[in-house]
Every structure is written in C-alpha cells, then in structure tokens.
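In case you want the letters, here they are:
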Amino acid sequence: MNNIDIPVITIDGPSGTGKGTVATALAARLGFHLLDSGALYRVLGVAVAHASIDLQDHEAIAQLARGLDIRFGQEGPGSVALAGTDISLEIRTDLGSDMASRVGAIPAAREALMDRQLAFRQPPGLVADGRDMGTVVFPAANPKIYLTASVEERAQRRYKQLLDKGIDAILRDLLQDLSERDERDSERSISPLKPADDAIVIDTTHLNEVEVMAQVMDLVQKALSAP
Ligand code: C5P
C-alpha cells in the first residue's frame, strides 16, 4: 500500500476537550495506529529540562529532538520511555505541560519532530491527536475533527481528574494555566492551534464522552465509506 493511500483521521483542539480519550477509543475501535503528538512534545520538553538546555538555544533543542530515543507502549498501553527509562508520569506533570508548549513554539523543534510523526502512518490506518495534525502534519486527512470546549469547562474537567487521582488542585490555578497555554499555542507564529479550513468542529462543552464518540464515529464512518 502506498503511504498516501493509508487513511488518516486527525483529532485536534486545545487541552481538556477529551481529544486523547476520543483518539484512543477511535483507534481501538478501528484497529488503527495512534499518534499522541502531544506526548512527543512533552518528551522533548522533559528531555530539554533534563539536559538543562537553554530554551533560546533552538539548534541544540532541534538536535536533541532528532536524536531522541522514544518508545511508546513498552510498559503497557499509553506508556512512554525515553532512552529506556519510563517517563509516562513525568511527562504529564505541570512541568511536562509547560515545557511541551515552550518547545512547541520553536520552529526548528517542530521541523525536527515532523518525520517521526509521518512515520506513524502505517496500514491499516492512523488516528493522529494534537494541535496541527489536520493543518500541517496530515493536511490530506479525512475526516479532520476539531474538538473544543469553554476554558471553564476544560479546567473543571482537569480539576475533577486530579481529585479523582487523589491530587490536590486549585481550580483557579488550573484555569489560569490552561488559558496561558491556549494563548501560547494559538498565538505562536508556527503551526498555531486552529481548526483546518475543512475541519469539522465539535463543541464538547455540554456533551459527555458517549455523545462525542457517537458524533465522531458517524463522521468517520461516512468518510471511510466514501468512494
Ligand atoms: O496534547 P497535549 O496537552 O499533551 O500537548 C502538550 C503541549 O504540546 C500543547 O500544549 C502544545 O503546546 C504542544 N503540542 C503542539 N503540537 C502538537 C501537540 C502538542 O505544539 N501537535
């Protein structure tokens, strides 16, 4: 099968819209591969912090990105290892989120992660989750789905997730962190967070997971069965 004949479905949008959950469930249902591109940016961010590289040193960061030894799924579904060490929890910390969005604003770092992302396109198909999957990395994907929700609702969801895990959190701080990250992701000059022109936008503010999944499955089935 020619690489460009392999179907790709993109799920983009800001944090806390349920993108990851939808992408994981969709990939499992279709038996497709899954690209969690945010995890790549998180690993790079954590690796930059470990190596104490100055965030202004774009060339050093791009070089690090090109050489990263990242393995997904070795310690179970969703696990991420860097140079043989499991960093699944570390990349999900506030530092991991913050560093991911900082390295994500560096053009040379995005360029360095491009081929790695394209390599996930393997038969029988790919579900790619991120910010620029439909706009930049897989511009020919079909369907392109963009999930959104109000920042208040997204902060509330994150708050509940943390409490459920027994982690203390302050809603006001979560709201501020999300707003800052949204702003940085949307305002950056390269691959800013925005729906592709041909993306279908689903506002999940008042929808539960089952309702979102039903809408997504409907779109996907139509696209995959189209001649
Ligand atoms: O999706 P997730 O919240 O794990 O992404 C973490 C950060 O990585 C985002 O806030 C964004 O700055 C960056 N990112 C990106 N491009 C992607 C995926 C994530 O810039 N395709």
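First, a word on scope: everything that follows refers to the structure included in this document. The structure presented is a predicted model; accordingly, all values stated were derived computationally and were not measured.

The number of helices and strands found in the protein chain is nine helices and eight strands. Over its C-alpha trace the protein chain gives a radius of gyration of 17 Å, about what one expects of a compact globule, namely 17 Å for 227 residues. Counting only C-alpha atoms, the protein chain reaches 50 × 40 × 35 Å along its principal axes. Going through the 227 residues of the protein chain one by one, you find that 42% of them count as buried.

As a further point, take the site of the ligand. Among the 17 residues in the neighbourhood of the ligand, the closest are listed as R42, R110, D132, R181 and D185. One nitrogen or oxygen atom from the side chain of K19 is found 3.5 Å from an oxygen atom belonging to the ligand. A distance of 3.0 Å separates a nitrogen atom of the ligand from a polar atom in the side chain of S37. Of all the secondary-structure elements, those providing two or more residues to the shell around the ligand are α2 (37-50), α4 (94-103) and α8 (171-187). With four residues, the single largest contributor to the shell around the ligand is α2.

Membership of the largest hydrophobic core comes to 32 residues, with the highest contact counts inside it found for L35, V43, L44, I61, L68, I91 and F138. Residue assignment for this core shows that the elements contributing at least two residues are α2, α3 (58-67), β4 (80-82), α4, α5 (107-118), β6 (126-130) and α6 (133-137). For this core, the element with the most residues is α2, which contributes eight residues. If you look at the next biggest cluster of nonpolar residues, it comprises 16 residues, including I9, F32, I202 and M213.

A separate point is helix α9 (residues 209-225). With 17 residues, α9 should cover 24 Å at 1.5 Å per step; its first-to-last C-alpha distance of 24 Å lies within 8% of that length. All of the buried residues in α9 are V212, M213, V216, M217, V220 and A223. The arc that holds the buried residues of α9, viewed along the axis, is 135 degrees, so those residues lie on one side. Those residues of α9 that are exposed and aimed more than 90 degrees away from the buried face are V210, K222 and S225. At its buried positions, α9 is contacted by β1 (8-12), α1 (19-30), β7 (144-148) and β8 (200-203). Sitting at the amino-terminal end of α9 is N208, which places a side-chain oxygen 3.1 Å from the backbone nitrogen of V210.

Evaluated as defined, the whole model comprises one cavity of 30 Å³ or more. Volume-wise, the largest cavity comes out at about 30 Å³. In terms of lining, the largest cavity is formed by T10, D12, G134, T135, K144, I145, Y146, K194, P195, A196 and A199. Per-element accounting of the lining of the largest cavity gives the leading share, three residues, to β7. Its residues assigned to classes, the lining of the largest cavity shows five nonpolar, three polar and three charged.

The rules behind these values
- Residues numbered from 1 in each chain as written.
- Predicted model: local features only at pLDDT ≥ 70, side-chain atom pairs only at ≥ 80, totals over all residues.
- Heavy atoms only, no water.
- Helix = DSSP H or I, 4+ residues; strand = E, 2+ residues; numbered from the N terminus.
- Rg over C-alpha atoms; globule rule 2.2 N^0.38 Å.
- Buried < 20%, exposed > 50% of the residue type's maximum accessible area, 1.4 Å probe, protein only.
- Near = heavy atom within 4 Å.
- Polar contact = N/O pair within 3.5 Å; in protein donor to acceptor, adjacent residues only side chain to side chain.
- Core = buried A, V, L, I, M, F, W, Y, C linked by side-chain atoms within 4.5 Å.
- Expected span 1.5 Å × (residues − 1).
- Arc of directions from axis to C-beta.
- Contact = heavy atoms within 4.5 Å.
- 1 Å grid on protein atoms, 1.4 Å probe; cavity = no way out; pocket = protein on both sides within 12 Å on 5 of 7 lines; lining within 4 Å.
- Points joined across faces, edges and corners; volume = space filled by probe spheres on them.
- Nonpolar A, V, L, I, M, F, W, Y, C, P; charged D, E, K, R; others polar.

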